[in-house]
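What the coordinates show
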Amino acid sequence: MDNKSYSVQVNGNGVHDQSVASKRLKPAAATVKGEHGNVKGSLSLTKAKSRRQRWEVKPSEMANNTLNPIRAIVDGMELTPNPNKPMISLSIGDPTVFGNLPTDNAVLQALKDAIDSQKYNGYAPSVGYLKSRQAVAHFYSCPEAPLEAEDVILASGCSQAIDLAISVLCNPGDNILVPCPGFSLYKTLAVSMGIEVKLYNLLPEKSWEVDLQQMESLIDERTSCMIVTNPSNPCGSVFSKEHLQKILQVASRHCVPILADEIYSDMVFPGCSCPSMASLSTDVPVLSCSGLAKRWLVPGWRMGWILIHDRNDVFGSKIRQGLVKLSQRILGACTIIQGALESILNNTPQSFYSSTIGFLQTNSEICFNELSTVPGLNPVMPSGAMYLMVGIDMNHFPEFKDDVDFTQQLVTEQSVFCLPASAFEYPNFFRIVVTVPEAMMVEACARIREFCQRHHRPCRRNSNDLDQ
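So, here's what we can say about the structure. Computed from a predicted structure; not experimentally measured.

What counts, and where the lines are drawn
- Residues numbered from 1 in each chain as written.
- Predicted model: local features only at pLDDT ≥ 70, side-chain atom pairs only at ≥ 80, totals over all residues.
- Heavy atoms only, no water.
- Helix = DSSP H or I, 4+ residues; strand = E, 2+ residues; numbered from the N terminus.
- Buried < 20%, exposed > 50% of the residue type's maximum accessible area, 1.4 Å probe, protein only.
- Contact = heavy atoms within 4.5 Å.
- Areas by Shrake-Rupley, 256 points an atom, 1.4 Å probe, with all protein chains shown as cover.
- Core = buried A, V, L, I, M, F, W, Y, C linked by side-chain atoms within 4.5 Å.
- Salt bridge = Lys/Arg side-chain N within 4 Å of Asp/Glu carboxyl O.
- 1 Å grid on protein atoms, 1.4 Å probe; cavity = no way out; pocket = protein on both sides within 12 Å on 5 of 7 lines; lining within 4 Å.
- Points joined across faces, edges and corners; volume = space filled by probe spheres on them.
- Patch = residues over 30% accessible without salt bridge, like charges linked within 9 Å, V, L, I, M, F, W, Y side chains within 5 Å.

Section: the overall build of the chain
- What the chain contains, in helices and strands, is 14 helices and 17 strands.
- Within the span of the chain, comprising 468 residues, buried residues form 50% of the whole.
- Taking all contacts inside the chain whose residues are at least 6 apart in sequence as the whole, residues at least 24 apart take part in 74%.
- As displayed, the chain offers around 23,300 Å² of accessible surface, 49% of which is attributable to carbon and sulfur atoms.

Quick notes on the nonpolar core
- Counting residues in hydrophobic clusters, the biggest one holds 103 residues, and the most contacted among them are I166, I176, W305, I306, L377 and I432.
- Core analysis: the next-biggest nonpolar cluster, separate from the first, contains 41 residues, W208, V380, F424 and F429 among them.

Description of the pattern of salt bridges
- By the definition in use, this model includes 14 salt bridges.
- With a closest N to O distance of 3.9 Å, E56 and R54 form a salt bridge.
- For E56, a relative accessible area of 37% puts it in the partly exposed group.
- Taking the relative accessible area as the measure of exposure, R54 reaches 59% and is therefore exposed.
- With a closest N to O distance of 2.9 Å, R447 and E443 form a salt bridge. Taken together, the positions of R447 and E443, both in helix α13 (residues 438–455) and four residues apart, correspond to about one turn of that helix.
- According to the relative accessible area criterion, R447 is buried, its value standing at 6%.
- Linked by salt bridges that have partners in common, R54, E56 and K58 make up one network.

Quick look at empty space enclosed by the protein
- For the coordinates displayed, the defined rule picks out three cavities of 30 Å³ or more.
- In this structure, the largest cavity occupies an estimated 70 Å³ of space.
- Together, P69, V178, P179, C180, G182, F183, S184, K187, L199, A423, F424 and E425 line the largest cavity.
- Counting residues per element, the lining of the largest cavity draws most heavily on strand β6 (residues 175–180), which supplies three residues.

A look at a nonpolar patch on the surface
- Among the surface-exposed residues, I92, V97 and F98 lie close enough to one another that they form a single nonpolar patch of about 240 Å² accessible area.
- Within the secondary structure, I92 is located in the loop between β4 (88–89) and α3 (105–117).

This is the structure:
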């Protein structure tokens, strides 16, 4: 027999490749030995169709369409810190980086107990252990938005929860509404799936409230969901109850479900309230995404969840079934953390939450007060989360072409790195993460002031101004 490829077809229960156009050779009787005994049938040798003649392995369209805007901006920057000044990074949204914000001992003990129990070393159901989902449901349930275990899908971090939520609601060619400025992951995920992203504006002069009229103008028949981030990354803003109700009215008028990114829920400063989106909704269905990462200060533990708040059976069984199917792609979240979840939620003391919020508020006030008096800068005081946005009046800094150039030079001269807001598609601002130690925050603000004083120039008045 020659060296050409042939396939063997078995009559009876064998599986035939219908896609192969083949030339049958003379059948022969054969007995095929298998795991369950011998299978008798006639064999025919089939000449296989010619395949590729050379190697050509290409990345998928999804891979090619996946882009992280933050990485695209930062990787293109030339960051060379001043060797005479220690680097202060105010760009990373990880509260554990500097070691000054450890999680609570009760959280650590819960994890130790889960490990020592030896009960959580195997696979869990893809949606999570029933006991763990019951704990999440009990923790977040309220009379206005009751939850049961079947309303909870555990995920590998809030990011995967968002991925699942977008995936279950949207098809290629659909569009979603995303806040601007907003968390860059929404666009990264959507574009990779062939989903159009439409940006609705947040207004800095109104503490980053939504431009409701502009938001509503974006909606069409292919709008499959709107994403609402509250409290906000990157703004640190917290929407009032009244403003959330207005957003819900827009969604209700156009029958658009809401994906609520509430990873910073309850991380609000004293005097502010932050009701969940679902607790205010009477007819708009909501998928709420959250997790342990920020409030419990353990982002690396990768534990998130989706809370399914249906209204009037709009989601029905199909959306729930879709989430279950999608969760089976990676077989769920880390089982050790699932095993610790009930104890983490029930035993973390209120003093831990209060201490974290107090620290974030103090640092935010320091940053806001210091930068408010810096010529050419316009910080917006946050009400929660871990971030503060600062506007740059580029007319006063003519030697810099944009916020990326501004922040790059700030690193070069002062060794302070703030994330340019172009990464959030909002130019001429930069974002500060307020989780650094207090002394470092004070020093960073002093360096930013020195930088701005050096480069600030008065605005030139044009001839029309002089005539008036």
